[in-house]
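Now for the letters of each chain:
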Amino acid sequence: MSEPIIEVVGLQKVFRDFWRRPKVKAVNDVSFTVKRGEVFGLLGPNGSGKSTTLKMILGLLYPTSGQVRVLGRSPRDVKTKARIGYLPEESYSYPYLTSQETLTFYGMLFDLPAGERRVRTEQLLDMIGLRHARRRQVGEFSKGMARRIGLAQALINDPDLVILDEPTSGLDPIGCRQVKDLIRALAARGKTVLLSSHLLSDVEDVCDRVIILYNGKVQALGTINELLEQKTQYRLTMPEVSAAGMERILAAVRAELGNEPTVDHPRRDLEQFFLEVVEKARQSTTEASGVGPASGVAKYLAGDEALQHLVAQPAAPVPLTAEQKQAADEKLRKLVEPSK
Amino acid sequence: MKHFGAIVLVLLAVTGFWVAGSMQQPLLQARRDFHLTRGEPLENTPPMVAFTTVALGGFRGIIADWLWLRSSQLQQDGKYFELVQLADWITKLEPRMAQVWAFHGWNMAYNISVLFNEPTDRWRWVRQGIGLLRDEGLKYNPGEARLYRELGWIYQHKMSGNSDQMNVYYKRWWADEIGELFDGPRPDYKNIPPDRAQRMKELYKLDPALMEQVEREFGPLDWRLPQAHAIYWAWRGKRYATGFDVIQLERMLFQSMADAALQGELFSNPVEGVFIAGPNLALIPKARRAYEQAIAANPGESGMQSGHRNFLRTAIMVLYTHHRLAEARDIFDDLRQRYPAAELNQSLEAYIFGRMTEFLRDVGQREAIDMIMGALQQSWFWLAMGDEDQAQGFQQLARSVWREYMQTRYEKEIAERAGLPPLEQMSEQAREAVKKQLQSDAAKARLVKPAP
Amino acid sequence: MSKVLAIAGIAIRNAIRSRVVVVLLGLLLVAIIALPLTIKGDGTVGGTVQVLLRYTLGAVTLILSIATLWAGCAAISTEVQERQVHLLVTKPVYRAQLWLGKWLGLLILNAGLLALAGAATYALLRWDLRQENLAQFLVAQRVVKPVPVEIEETARKVFDEQKRRGELPPGPPDQILEAIRQQLRQQAYSIPAGLARRFVFELPNAPLPGRPLAVRYKFASSLTGKDPVGCLLVAGAPDRPDRFQKPELTAPAGVHLVRIPPAMLESNGMLTVDIANIHPVPVTMIFAPDDGVQVLVQETSFEMNLVRCLLVALCQLAFLGALAVTIGSVFSLPVAAVTAAYAVMLMNIGGYLQTLTTERNIFGSGDTPGAIDFLLHLIYVGLFWLTKPFQQANPLEPLAGGELIAWSWVGSILLWQVIVAGGAVALLGMWLFNRRELGLPE
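Computed from a prediction, not measured in an experiment: that's the story for all the values here. Along each chain, residues carry numbers from 1 onward, in the same order as the chain's sequence is written. Each chain is given a letter, starting from A, and each ligand a number, starting from 1, according to the order in which they appear as written. Selection of residues for local features in this predicted model requires a pLDDT of at least 70, selection of side-chain atom pairs for listing and counting requires 80 or more, and totals for whole chains, interfaces and linings are taken over all residues.

Each helix corresponds to a stretch of at least 4 residues labelled H or I by DSSP, and each strand to a stretch of at least 2 residues labelled E; elements are numbered beginning at the N terminus. Helix and strand counts for chain C come out as 13 helices and eleven strands. In terms of its C-alpha atoms, chain C occupies a principal-axis envelope of roughly 80 × 65 × 40 Å. Within the span of chain C, comprising 442 residues, buried residues form 37% of the whole. Think of it this way: build a C-beta for each residue from its backbone, and any pair within 7 Å is a contact. In chain C, of all internal contacts separated by at least 6 residues, the share reaching a separation of at least 24 is 83%. Backbone-placed C-beta atoms define the burial measure: a residue is buried with 20 or more other C-beta atoms within 10 Å of its own, exposed with 12 or fewer, and partly exposed in between.

Now the structure itself:
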């Protein structure tokens, strides 16, 4: 967590009308820094200035005042852009190009040599599961398929900074999961990801840190844990116990708190459940759908062996590292052992 | 009954529509009857014209203006190739404006044609002008008298008249073309082969039935000569004419009739290479009638009367030189009665000699010899061609001139210095000259017969 | 450069796949095939050739110009509208490259369509008039103007002489000098009855033997009306015993062509033409100094001329494309289209603007021009000079007229229309587009 990838200092954007009169202050004194390897979430309701901020980081809009530096340079610098991958909110591809041509075209804009361009195009098509639709024109695609093409083009240059605007919008749960896995995988390889989203659960799943904007101003900034952890409450999760055992535990808690705790069965994550159902169904049928079986992450993106392993089964729950396990155990112990 | 008012209004509206609808036909009929339209309603409009007139709406005028500007510019620059096309478009954009057609037809036949040195080029443009008016303009404006007038004028003035240096070429080509079409001066109306009738109608817009009517009234016409066509178109236009056009077409009719009478018979002999339009004496009475009718219909037009007078005066001379003394006398009496003048208070012979004397008074010896030799040669020539009337007429003319000239130079001294050789000697010379020019033996043989 | 090519390639591919190209090709073929069916020539083969060439190729260039304007305006503005441009400008691509790519795509498409249309027109012309001998009409002749008569020095001499003798009329010297000049010019280019004038032509490169040579002349008569004037045209070196002679009775205002035997050309490429006014009635023939008398000499093949003509047309389309892409990179499509149409209109009324600039009293009510007149005058002068470099010559006129389209002309069109005017428009477009923010809220 060393060098800053995005530095935003005192950023302001005032939109003017036809007569150059100030109309709206869309972004007002926003500052934050995104560091290498971070997955950074930009949150906010519609009209909060989130999209404007993103466009200024991309160099589409120019700040009224304040400063944006991306990868140490101005966002309008061509050298900066060579290292960025951008997935826009909607599909902005050329409808008359096939998916393969689309990727080849964007590859050419990065001056990729022909051989490398071909390899990456192939791998990306495999990754997004559109290998079978490589010769179909993007204009005929469903929204989900178009998003996948958008995602693929954002990664064609193996970017150091990936900017994703509503990355999971328009995707089915499987696609969402894949994208989230991909984001994590990229982060694990030291890439920096900046994403904006409405889907808070997605943000929660993948982001290390988030910023919440409202009315053009920063309302909250921090890690997910910092922001979401309710330090004044505990939740206890444990395997099934006998009624007598349960009664004993409750008695202990009652004695400690002086009143009744809330007890229920933890519910499974709906996303998790859905993915399992689909996986089961897929094994029993071979019928092709719009999107073919995706194969994790493109090889050139995954880089090393470890990461390959990590993303080999994207639909399965991510196994915890020893460190994470230890942290979880620690928490649990604190909970179970009543304070003496 | 709260809808009562609405019902009454609806009924009123329906009645109103019904009344308006039933008025439509009588109104249209009345418009036709009173000649309020400039032409019959257009039927069978070609899609191109229907499209431009409807689709372009008010923009037609602007486009037509622009094309017009371009065409004048091109004309000025000497780039004539496009002008036919431009004129076609301009007229199609404003198909119902007769003056547009009139201008472009006249412009081609008169202004553009004279920019060329070669007679073939000029003739092409005269034809273009005729074609535009006859084949297009009248198609869209069949009831537009002005277009008949403009068309007739090209025949009457540009081709029949002699203001254009190349008019002889036009006459020749036209005569060749029509002569071939009709196989002679006029078609055999009783028996026109269908393909010829079709060519007449399609290429020349000559309707045999109408031609026959024209012939009955004004003929026999020699259609190889342009004045016959001027008469045809003027006659056709007359039924649509109102106001100024009436007089103009009337004038065209009698002037062309006068042309036809005075030089309306084509004498063409391909073997001798002869192309001469001579008088058509049979038409003189009809031409007189045409004048008389026009004058009776337009009593205020003094121009018509002086034209009439000149025609009568010329007709007398022509008839006299053709040895038609009775007819000449008849016209002379008519002239004397209608337009009394001092010169008419004498005998016909005296009048004719008077006119000649007037002409010969200042003529020198050289010119007198030329004139007499010319008349004598004409006389021999017509004899060779088998027209004895003409031969005799010219013979008479030569003799009169000789006598008249010598009368003022009777004194011996003057006669020796400025007198003329004996007439017989001159006549012999003329005969030799004519003989040398002739090609066929038959014609030469006729020269030997009677010494005139 | 490869990025520019990639963008151009995408533009072309889009145009082909969206069937724009097919529709355009269809329109062009309809114009090429259908127009000759409706065209009325003047009844001569030469006229038909001219009208056919001018109208079919005129329709082709018109269709392509309109298509270029529209497509050029749409090139960037629709991408901005549909936000495809967001993906382009977030890639390492300079906006200038984007501009160039769009323009290049348009140019390549135009070149292809123009070549096809040119070939189709040529084939159709050959086929349509296959029974005629077209060789004499399908020509490319260089038009040579006479060596100008020296005016300036003589005028000064006359002026000095008058001054020396104290005979100068009153008035400012430059006006007197101008009057003398005018008088001399009029003397040099008019021929009174009974006199002759000599016109000397310097042919740039001696034509090959047997290549046709002709004198084209046009004059005004001092008499009103169009009565022809008798004149004698004599060509060849003055000391030659067998000079070419042709008496003609010539109509004024018409354009006349007299073929001259090629042998009359001197070895140094000079041709002397004397025109004598032999009209019996006193009438003066008045020639315009530049196009009064000209010599036409066959220089290259018609096919070569056609290629040059199409090149000139392509240069003009290249400029139109640049203009449209620039306008389209600043405005949205409807605004851009109207702006471009207005700009093109301004360029095409250059001649009218020029006459307006000479008009001092536009409202024409009083004798002294008012403030509004002055203001309007300034505007007209400004507009005239602003649009002057962009005013387009029509290459179809010389092609159809059988006149040579010189390489130097093609070069000057390329230089002025494409490099200078197109470059200026391109720089303006790139600069404006670079300043433009994308993704502004609607």
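By definition, a nonpolar core groups buried Ala, Val, Leu, Ile, Met, Phe, Trp, Tyr and Cys residues that connect through C-beta atoms lying within 7 Å of each other. Ile163 and Val193 of chain A together with Ile231, Met257 and Ala287 of chain B are the most contacted members of the largest nonpolar core, which totals 242 residues. Per-element tally for this core: the top contributor is helix H8 (residues 302–328) of chain C, with 17 residues. When neighbours within four sequence positions are excluded, methionine 257 of chain B is seen to be in contact with Phe218, Ile231, Leu283, Lys286, Ala287 and Ala290 of chain B. With 23 residues, the next largest nonpolar core counts Phe199, Leu213, Val229 and Val297 of chain C among its residues.

Turning our eyes to something else, we now look at the packing of helix H5 (residues 98–112) of chain B against helix H6 (residues 119–140) of chain B. Residues and elements named next belong to chain B. Axis geometry follows a simple rule: fit a line to the C-alpha atoms, using only the stretch in contact for helices, then measure angles between N-to-C directions, giving values from 0 to 180 degrees. Closest axis-to-axis distance for the H5/H6 pair is 6 Å, and the angle between their directions is 165°. When the axis of H5 is compared with that of H6, the two are roughly antiparallel. When you trace H5 past H6, the crossing you get is left-handed. Of H6, the residues touching H5 (which contributes Trp101, His104, Gly105, Trp106, Met108, Ala109 and Ile112) are Trp125, Val126, Gln128, Gly129, Ile130, Leu132, Leu133 and Gly137. Three classes are used, and their members are as follows: Ala, Val, Leu, Ile, Met, Phe, Trp, Tyr, Cys and Pro are nonpolar, Asp, Glu, Lys and Arg are charged, and the others, Gly among them, are polar. Looking at the contact of H5 with H6 residue by residue, the classes come out as ten nonpolar, five polar and no charged. Angles are sorted into four bins: roughly parallel if under 35 degrees, roughly antiparallel if over 145, roughly perpendicular if 65 to 115, and oblique for all others. A crossing counts as left-handed when the near helix is turned anticlockwise from the far one by less than a right angle, and as right-handed when that turn is clockwise.

Further remarks concern the interface of chain C and chain B. A common way to report how large an interface is uses the accessible area buried once the components associate. At the interface, 20 residues of chain C touch 15 residues of chain B. Secondary-structure elements contributing two or more residues to the side of chain C that touches chain B are helix H3 (45–82) and strand E7 (244–250) of chain C. Broken down by element, the side of chain C that touches chain B gets its largest block of residues, four residues, from H3 of chain C. Among the residues forming the side of chain C that touches chain B, the class breakdown is seven nonpolar, seven polar and six charged.

Take helix H14 (residues 302–321) of chain B next. All names here are of chain B. Helices are assigned an expected span. That span is 1.5 Å times one less than the residue count. For H14, with 20 residues, the first-to-last C-alpha span of 29 Å sits near the 28 Å given by 1.5 Å per residue. Within the span of H14, buried status applies to Met304, His308, Phe311, Leu312, Ala315, Ile316, Val318, Leu319, Tyr320 and Thr321. Phi turns positive one or two residues past the end of H14, at histidine 323, with a value near 65°.

Between chain C and chain A, the contact holds 23 residues from the first and 23 residues from the second. For the side of chain C that touches chain A, the secondary-structure elements that each account for two or more residues are helix H1 (2–17) and helix H4 (84–89) of chain C. Counting residues per element, the side of chain C that touches chain A draws most heavily on H1 of chain C, which supplies seven residues. For the side of chain C that touches chain A, the residue count by class is nine nonpolar, seven polar and seven charged.

On to the packing of helix H12 (residues 244–263) of chain B against H14 of chain B. Residues and elements named next belong to chain B. Between H12 and H14, the shortest axis-to-axis distance is 11 Å and the interhelical angle comes to 10°. Classified by the interaxial angle, the pair formed by H12 and H14 is roughly parallel. For the pair H12 and H14, contact is made by Arg251, Gln255, Ala258, Ala261 and Leu262 and by Met304, Gly307, Phe311, Thr314, Ala315 and Val318, respectively. Residues belonging to the contact of H12 with H14 are distributed by class as follows: seven nonpolar, three polar and one charged.

All names here are of chain C. In this analysis, strands are considered paired if DSSP registers two or more bridges between them. If you walk across this open sheet you meet the four strands as E3-E9-E6-E7, and the pairing is antiparallel. Edge positions in the sheet fall to strand E3 (196–202) and E7, since each of these pairs with one other strand and no more. Here the strands of the sheet are splayed against their neighbours by 20° on average, with no regard to which way each runs. Where E3 meets strand E9 (residues 270–277), seven bridges bridge the pair, whose relative direction is antiparallel. In the sheet register, glutamate 202 faces E9, and the bridge partner there is methionine 270.

Residue and element names in this part refer to chain A. Buried residues dominate strand E6 (residues 161–165), accounting for five of its five residues. Residues Leu161, Ile163 and Asp165 line one face of E6 and the alternating positions Val162 and Leu164 line the opposite face, and both faces are buried. Relative to E6, strand E5 (residues 84–87) is paired through four bridges, and the arrangement is parallel. Bridge pairing in E6 places glycine 85 opposite valine 162. Bridge count between E6 and strand E7 (residues 192–196): five bridges; the pairing is parallel. When the sheet's bridge partners are listed, leucine 164 is paired in E7 with leucine 195. A crossover connection joins E6 to the parallel E7 through helix H6 (residues 173–188); in handedness this β-α-β unit is right-handed. A right-handed crossover is one whose linking path, passing over the helix from the first strand to the second, runs clockwise when the strands point away from the viewer.

Residues and elements named next belong to chain C. Read across the open sheet, the four strands follow the order E1-E11-E4-E8; overall the sheet is antiparallel. This sheet does not close on itself; its edge strands, each paired only once, are strand E1 (139–144) and strand E8 (256–260). Within the sheet, the average angular offset between the axes of one strand and its neighbour, ignoring direction, is 35°. In this structure, strand E4 (residues 213–217) lies alongside E8, joined through five bridges in antiparallel fashion. By the bridge assignment for E8, leucine 213 is matched with isoleucine 260. Strands in contact with H8 are E1 and strand E11 (293–301); relative to E11, the strand with the most contacts, it is inclined by about 95°.

Put simply, side chains in a regular strand alternate between the two faces of the sheet. Inspection of the sheet shows strand E8 (residues 209–214) of chain A paired to strand E9 (residues 217–223) of chain A by six bridges, in the antiparallel sense. Of the residues in E9 of chain A, the one forming a bridge with valine 210 of chain A is glycine 222 of chain A.

For aspartate 111 of chain A, which is not a glycine, the phi torsion comes out positive at approximately 60°. Examined against the element boundaries, aspartate 111 of chain A turns out to sit in the loop between helix H3 (99–109) and helix H4 (114–127). For arginine 83 of chain C, which is not glycine, the phi torsion reads 70° and is therefore positive. Looking at the element boundaries, arginine 83 of chain C is found in the loop between H3 and H4. Take arginine 83 of chain C: there are 17 C-beta atoms within 10 Å of it, and that puts it in the partly exposed class.

Keep in mind that these numbers describe shape and distance, not what the molecule does.
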